[in-house]
Structure formats: structure tokens, C-alpha cells
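Now for the letters of each chain:
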Amino acid sequence: MRPVYPFSAIVGQEEMKLALLLVAIDPSIGGVMVFGDRGTGKSTAVRALAGLLPQMKVVQGCKYGCDPAASTQRCDECAKRYADGGHPRAVFAPVPVVDLPLGATEDRVVGALDLERALTTGEKAFEPGLLARAHRGFLYVDEVNLLEDHLVDLLLDAAATGENVVEREGVSVRHPSRFVLVGSGNPEEGELRPQLLDRFGLAVDVRTPKVIAMRIDVIKRRDAFDRDPEAFLAHWQKADNKIRRSIEKGRARLDELAVPDEILERAAELCAALGTDGLRGELTLLRTTRALAAFEGADTVTLEHLRRIAPLALRHRLRRNVLDDAGSTTRVERAVAELWDTPSADVVAAP
């Protein structure tokens, strides 16, 4: 297996790394969109994330990675096995991180008839696609802004319903398809469809490092990895293990953390001030601040958590304002300062 660059060895890009860790703790946040320059570690970070994720329980032999504890989200085969009184064995499996290439066909994404089996045995069988492989894991699309419209529609359908339905050549298959969508791309090469952009819980901007020392550090680490991957991985294993334990603890703490009403009020007033459409912004702020507090081991969710998360959760939800040429991040930060940088905002400040 090709060695993967360790997550903890990535220099800088703290916002991107934090966003990926938060969706690893709470997948319901909804995914991460990473926009930025080429060669800034976007793909490296996503693929490195796979090495940090704790293993998950799956039904043994299930082609779709069904969760043994999820009674309402099972594929047809697992649903039948349980309905017949069976008790399938649960086994541990790695959390999938699946690449969706730009040139993928629709059959490869949703699955198709297994032609080899049909020709050799005459049996109609379904060959699961990338949506099945990504279930309960991550689906990564590099240059997602260049993805063809019909594939975007497939992702939107799966994201909206949480399942993949295929009707082909007399084969009818329905299976759960819940995944964290991670996209990356260069905005200079094309814009993302608003419907798809709205599906990303968090949005991150990454830039080429300007500090000379940081650029040198990136080059030195990459060169060391390419020259001796095993030694490099061994050197960073302890740091990666520490992050993995933080993810596990964060997940365990997630259900214990309640978000105070004061925080929800602040989230709502921020979204109202920025004019975001719908209520998805508030919901993302709620889930992300809670995940951040859980990740950092805090006893409660505070205004400081909300302040730090606001640009990630809201910058891609703003409408263009022809009278304001400031960037979306600046507009969010400005609204935060206008609303909360007053003495009364300290009522829910961190203890």
C-alpha cells in the first residue's frame, strides 16, 4: 500500500485541519469545501485524515457497511437478515475515505449490474458504486467545481435523502448512503453550483504560505517523507495518535454537551445580520461549536467557540453585495465585531 503523508506533519493550514477534524467528530455538520491555491496540501490533508479515524462497527459481509446499531438505515439484505430473526456478527472496519474522480461514469458512482457475473452465471447482481463504498465515511472530490452537472445531481440526491436508489436492467437496489462530502478546488477555474455549495457545512480558504520559514519547513518535511516514508511515518506516529485520541474523546463528549440558549440567540442574530438564506447557517453553527467544544475538552459551549467558528460556517452562505467589495470572511468578522464586541457580549464568555 502506498504510504500516506501523516496529518500531524502538515505545516500550517490550521483552519482546514480543524474543519476536517470537526466533521470527523460530528459528521452531521455536513462536509467541508476547501477553496484555494494548487499545491497547498488540500488533497494531502483529506487523504491523511483516513489514518486518524477510529474504526467503526459494520455488519459482517455487508457490501454497504451497514451499522449494526442502526435499525432504520439498512440495506435490503441486512434488513431481511434482521427481519428473519438473524443476528449478524458485527466486526470493525476502517472508516472509508473514497475519491470521486472527475471522469467517473454514473454507473461507477451509483453502481451497476455486475456484467461478469451476469455473463458467467446468468445471475443479475448489483455491483456497488462509490456511493456505497463511501457510506458512513468520507467522499472526496478534487476540483469539485469542475464536476459534471449530472454527477452533481447524483450527489445532491444522495445528500438530501441519505440513500442511493438504482433501477437498472431489471435490478432494483436501495441502500443507505450517508457520507461526509469533502470538496476542493481553485475558484479561478470555475464556480460551484449554489445548490451543491449549500450542502457543505464548512468552507475553508487556503493560501500558499508567505512566510519563508514556513515554506522551507513544508519542503523539508515533504522531501524527508519522499526519501524515507517509513522513518518519517514512525517519527510522526505519536503526534497522529494524539489527534486520534482527541477525536475519540470528542465523539464521546458530544452527547454530553448542551448548547446554552444564549449561544443559539447569538448564532441567530449573526445569521440575521448577515442575511443568510434559510436556517442551515444556525444549525451548522450549533453543531460545529459543540464539536469544537467537545474536541477541546470544554465543559460548555461558549461565545468564544462561536466566534472562532463563524467564518467557517457562514462565509459561503453570503449573498454577493455589489455595494460591499469586502471578502466574505471580512464581512463575517465585521458582523461578529459589531454584534459582540460590547461589554454585554461577555454574559456567556468562557469561564
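Scoring rules and cut-offs
- Residues numbered from 1 in each chain as written.
- Predicted model: local features only at pLDDT ≥ 70, side-chain atom pairs only at ≥ 80, totals over all residues.
- Heavy atoms only, no water.
- UniProt positions renumbered as here; feature names shortened; annotations may be inferred.
- Helix = DSSP H or I, 4+ residues; strand = E, 2+ residues; numbered from the N terminus.
- Rg over C-alpha atoms; globule rule 2.2 N^0.38 Å.
- Buried < 20%, exposed > 50% of the residue type's maximum accessible area, 1.4 Å probe, protein only.
- Contact = heavy atoms within 4.5 Å.
- Areas by Shrake-Rupley, 256 points an atom, 1.4 Å probe, with all protein chains shown as cover.
- Patch = residues over 30% accessible without salt bridge, like charges linked within 9 Å, V, L, I, M, F, W, Y side chains within 5 Å.
- Salt bridge = Lys/Arg side-chain N within 4 Å of Asp/Glu carboxyl O.
- Pairing = 2+ DSSP bridges.
- Domains from an automatic or database assignment.
- Buried area = accessible area lost by both parts, 1.4 Å probe.
- Polar contact = N/O pair within 3.5 Å; in protein donor to acceptor, adjacent residues only side chain to side chain.
- Core = buried A, V, L, I, M, F, W, Y, C linked by side-chain atoms within 4.5 Å.
- Axes fitted to C-alpha atoms, helices over the stretch in contact; angles between N-to-C directions.
- Parallel < 35°, antiparallel > 145°, perpendicular 65-115°, else oblique.
- Left-handed = near helix turned anticlockwise from the far one by under 90°.
- Nonpolar A, V, L, I, M, F, W, Y, C, P; charged D, E, K, R; others polar.
- Expected span 1.5 Å × (residues − 1).
- Arc of directions from axis to C-beta.

Per an unreviewed UniProt entry, the protein chain carries the name Mg-protoporphyrin IX chelatase and comes from Gemmatimonas phototrophica. Check the Catalytic activity (unreviewed entry) section of the UniProt entry for the protein chain; it says "protoporphyrin IX + Mg(2+) + ATP + H2O = Mg-protoporphyrin IX + ADP + phosphate + 3 H(+)". In the Sequence similarities (unreviewed entry) part of its UniProt record, the protein chain is described as follows: "Belongs to the Mg-chelatase subunits D/I family."

Our next topic: the overall build of the protein chain. Within the protein chain, the regular secondary structure consists of 14 helices and 11 strands. Rg of the C-alpha trace for the protein chain: 22 Å, near the compact-globule value of 20 Å for 351 residues, within the 12% margin. Along the three orthogonal principal directions, the C-alpha set of the protein chain runs to about 75 × 50 × 40 Å. Scored against the burial criterion, the 351 residues of the protein chain give a buried share of 45%. The long-range share in the protein chain, meaning contacts at least 24 apart out of those at least 6 apart in sequence, stands at 76%. Entry remark: accessible area of the protein chain is about 18,300 Å², with carbon and sulfur atoms responsible for 50%.

A word on a nonpolar patch on the surface. A cluster of nonpolar residues, V211, M214, V218 and I219, forms a patch on the protein surface that exposes about 330 Å² of accessible area. Among the structural elements, M214 can be located in helix α9 (residues 212-227).

Let us now look at the pairing of strand β7 (residues 138-142). Extensive coverage of β7 is indicated by the burial of four of its five residues. Pairing of strand β4 (residues 97-99) with β7 involves three bridges; the strand directions are parallel. Bridging from a neighbouring strand, D99 pairs with Y140 of β7. The pairing of β7 with strand β10 (residues 180-185) spans five bridges and is parallel. Across the sheet, the residue bridging to L139 is L181, located in β10.

Now for the domain arrangement of the protein chain. Partitioning the protein chain into domains gives domain 1 (7-54 + 134-160 + 176-222) and domain 2 (261-341). Once you take the C-alpha centre of each, domain 1 and domain 2 turn out to be 20 Å apart. Listed as interface residues are 19 residues of domain 1 and, on the opposing side, 17 residues of domain 2. Roughly 1,600 Å² is buried in total at the junction of domain 1 and domain 2, and carbon and sulfur atoms are behind 57% of that figure. It is L22, D198 and A203 in domain 1 that bury the most area against domain 2; as a group they hold 27% of the surface buried on that side. Our count for the contact surface shared by domain 1 and domain 2 stands at four salt bridges. The salt bridge partner of D198 is R280, with a shortest N-O separation of 2.4 Å. In this assembly, domain 1 and domain 2 are joined by nine residue pairs in polar contact (both at pLDDT 80 or more). Secondary-structure elements contributing two or more residues to the side of domain 1 that touches domain 2 are α1 (14-25) and β11 (202-206).

Glancing now at the side chain of R315. Following the sequence through the fold, R315 ends up in the loop between α13 (303-314) and α14 (328-340). Polar contacts involving the side chain of R315 include one to the side chain of E15, which spans 3.3 Å. Sequence-distant contacts of R315, defined by excluding residues within four places in its chain, comprise E15, A203, V204, D205, A310, S328, T329 and V332.

What follows deals with the environment of F126. Residue placement: F126 occurs in strand β6 (residues 126-128). For F126, a relative accessible area of 8% corresponds to the buried category. Distance from F126 to A268, taken between C-alpha atoms, is 46 Å for residues 142 residues apart in sequence. Setting aside chain neighbours within four positions, we find F126 in contact with K63, Y64, V110, G111, A112, V166, V171 and V173.

Core analysis: the largest hydrophobic core is formed by 64 residues, its most contacted members being F7, L20 and F138. Considering every element that reaches this core, the biggest residue donor is α1, with eight residues. For this core, the two domains that each supply at least three residues are domain 1 (7-54 + 134-160 + 176-222) and domain 2 (261-341).

Moving on: the pattern of salt bridges. Side chains that differ in sign of charge can pair as their charged atoms come close. In the structure shown here, the tally under the stated rule is 18 salt bridges. The salt bridge partner of E296 is R308, with a shortest N-O separation of 2.6 Å. Here E296, found in the loop between α12 (280-295) and α13, pairs with R308, found in helix α13; they are 12 residues apart in sequence, far enough to count as distant.

Our focus in this paragraph is the packing of α13 against α14. With their axes 8 Å apart at the nearest point, α13 and α14 run at an angle of 150° to one another. Relative to α14, the element α13 lies roughly antiparallel. Read as a crossing pair, α13 and α14 show a hand that is right-handed. Contact residues: L303, L306, R307, A310, P311 and L314 in α13; T329, V332, E333, V336 and W340 in α14. Grouping the constituent residues of the contact of α13 with α14 by class yields eight nonpolar, one polar and two charged.

Here α14 spans 18 Å end to end across 13 residues, near enough to the 18 Å set by a 1.5 Å rise per residue. Turning to α14, its buried residues are R331, V332, A335, V336 and W340. The buried residues of α14 occupy one face: seen down the axis, they fall within an arc of 135°. Its buried side turned inward, α14 meets α11 (261-274) and α13.

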